[in-house]
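Topology and contacts: notes
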Amino acid sequence: MSTEDIAALEEKIYAYVGRECGSATAKDPVNKIMIRHWCEVMGNTCPDHLDEEAAAVGSRGTLVAPATMMFVWNQTGYAVASTGRPKDPQVEMIEMLDAHGYNGIVATDTTQEYLRELRLGDVISQRTVIDNISPRKTTGLGEGYFYETVTAFTDQNGEPVGRQTFKVLKFRPAQQDQA
Amino acid sequence: MNQNLKSTEIHVGQTLPERPIPVTSSLVTCGALATRDFEKVHHDKAFAQASGMPDVYMNILTSQGLTETYLRDWVGRDAVFRKLSVRLGAPNIPGTTMTMSGQVKSVEGNVVEVEVTGQNDKWGMHVKALATLELAG
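Computed from a predicted model, the values in this text were never measured in an experiment.

The rules behind each value
Residues numbered from 1 in each chain as written. Chains lettered and ligands numbered in written order. Predicted model: local features only at pLDDT ≥ 70, side-chain atom pairs only at ≥ 80, totals over all residues. Heavy atoms only, no water. Domains from an automatic or database assignment. Contact = heavy atoms within 4.5 Å. Buried area = accessible area lost by both parts, 1.4 Å probe. Salt bridge = Lys/Arg side-chain N within 4 Å of Asp/Glu carboxyl O. Polar contact = N/O pair within 3.5 Å; in protein donor to acceptor, adjacent residues only side chain to side chain. Nonpolar A, V, L, I, M, F, W, Y, C, P; charged D, E, K, R; others polar. Helix = DSSP H or I, 4+ residues; strand = E, 2+ residues; numbered from the N terminus. Buried < 20%, exposed > 50% of the residue type's maximum accessible area, 1.4 Å probe, protein only. Expected span 1.5 Å × (residues − 1). Arc of directions from axis to C-beta.

A look at the domain arrangement of chain A
All names here are of chain A. Here chain A is described as being made up of domain 1 (3-28 + 77-178) and domain 2 (31-64). Centre-to-centre, using C-alpha coordinates, domain 1 lies 31 Å away from domain 2. Across the boundary between the two partners, domain 1 contributes five residues, which contact nine residues of domain 2. Surface buried jointly by domain 1 and domain 2 totals about 530 Å² across both partners, of which 63% is contributed by carbon and sulfur atoms. Applying the counting criterion to the domain 1 and domain 2 interface returns one salt bridge. Among the salt bridges present, the one from R60 reaches E117, with a minimum N-O distance of 2.7 Å. At the junction of domain 1 and domain 2, the tally comes to one residue pair in polar contact (both at pLDDT 80 or more). The residue makeup of the side of domain 1 that touches domain 2, split by class, is two nonpolar, no polar and three charged.

Written out as structure tokens, the structure reads:
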């Protein structure tokens, strides 16, 4: 890509900073069925995730979801595989980078903070914003851009319950440049 | 799962027992489904190969879930997760083993920071995590 082409692309992608994407309210409340299915695969045997009676007399006094399920409640579902991820500004930005040869993608870092444990019946909403996009960088995978989304999680009363940052590298595969 | 650890039983530098986890097609695909991550690279081998990978590979939510479970088994039932930061490295591809290990980084009052590494025997560091746990009472 010429310097002018890069400048034109960067002007377009940096315009995505601050754009909201993928905001939604979970179709299912926090429930013991999905928690149990998760625990089966992860090998998690904590009674406070699995046994309502035991949880009632435990330190929490109630059943709670595993912490890292915070981002599970609002997943898009099977449509991702069957018809594709619904369009939002993040998907648009990825497609724009793809079209300019930055078609590699890899998640590099994610942090979840938990303000409280989620209980049965909680209905979790999330709002995701493209928070920042790096200058063009040279990495081991190829040249590209790191972008970071920030997701805020709230409950049915609008109270914050958690926060997630998620960093992704969109890169032009190094082998492609050699070809 | 251990009995609840007390802060007096935890010190900086303390190591957690290693846990080897066989990475199988079942763990990868069923982990993706249990976390409702329907990206094809986690369940469709032909699709994953077309994207340049040797096979399906583990999704992040499963790596986080295995990390949470590893820490839960060590710290005991009552501790509460406050934060989990995860740095992602090599992919977890079926036919390999990821060995989890951990080390205590700080203890302040009831708050403990633990670093967890998931080392893939073929591809290298899969995940390096830093967890903040609050012990009960």
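Some words on the pattern of salt bridges
As enumerated under the stated definition, the model contains 16 salt bridges over all chains in all. Across the pair R60(A) and D48(A) runs a salt bridge, and its minimum N-O distance is 2.7 Å. On the criterion of sequence distance, the pair formed by R60(A) in the loop between α4 (52-56) and α5 (79-82) and D48(A) in helix α3 (residues 47-50) is long-range, its members being twelve residues apart. No difference in accessibility class separates R60(A) from D48(A), as the two residues are buried. A salt bridge links E95(A) to K87(A), with the nearest nitrogen and oxygen atoms 2.7 Å apart. E95(A) gets classed as partly exposed once you look at its relative accessible area, which sits at 37%. Overlapping salt bridges, with partners in common, bring together D48(A), R60(A), E117(A) and R77(B) in one network.

Considerations on helix α1 (residues 3-14) of chain A
Residue and element names in this part refer to chain A. The first and last C-alpha atoms of α1 sit 16 Å apart over twelve residues, in line with the 16 Å expected at 1.5 Å per residue. Within the sequence span of α1, burial applies to I6, L9, E10 and I13. When α1 is viewed along its axis, its buried side chains cluster within an angular range of 100° and face the same direction. Turned more than 90 degrees away from the buried face of α1 sit E4 and E11, all of them exposed. On the buried face of α1, the contacting elements are α6 (89-99), β3 (125-133) and β5 (142-154).

Observations regarding the interface of chain B and chain A
Opposite the 34 residues of chain B that make contact, chain A presents 40 residues. Taking both partners together, chain B and chain A bury about 3100 Å²; carbon and sulfur atoms supply 56% of that area. A salt bridge links R85(A) to E39(B), with the nearest nitrogen and oxygen atoms 2.7 Å apart. Sorting the residues of the side of chain B that touches chain A by element identifies α1 (25-34), α3 (60-75) and β2 (80-88) of chain B as the ones contributing at least two each. Residue contributions to the side of chain B that touches chain A peak at ten residues, all from α3(B).

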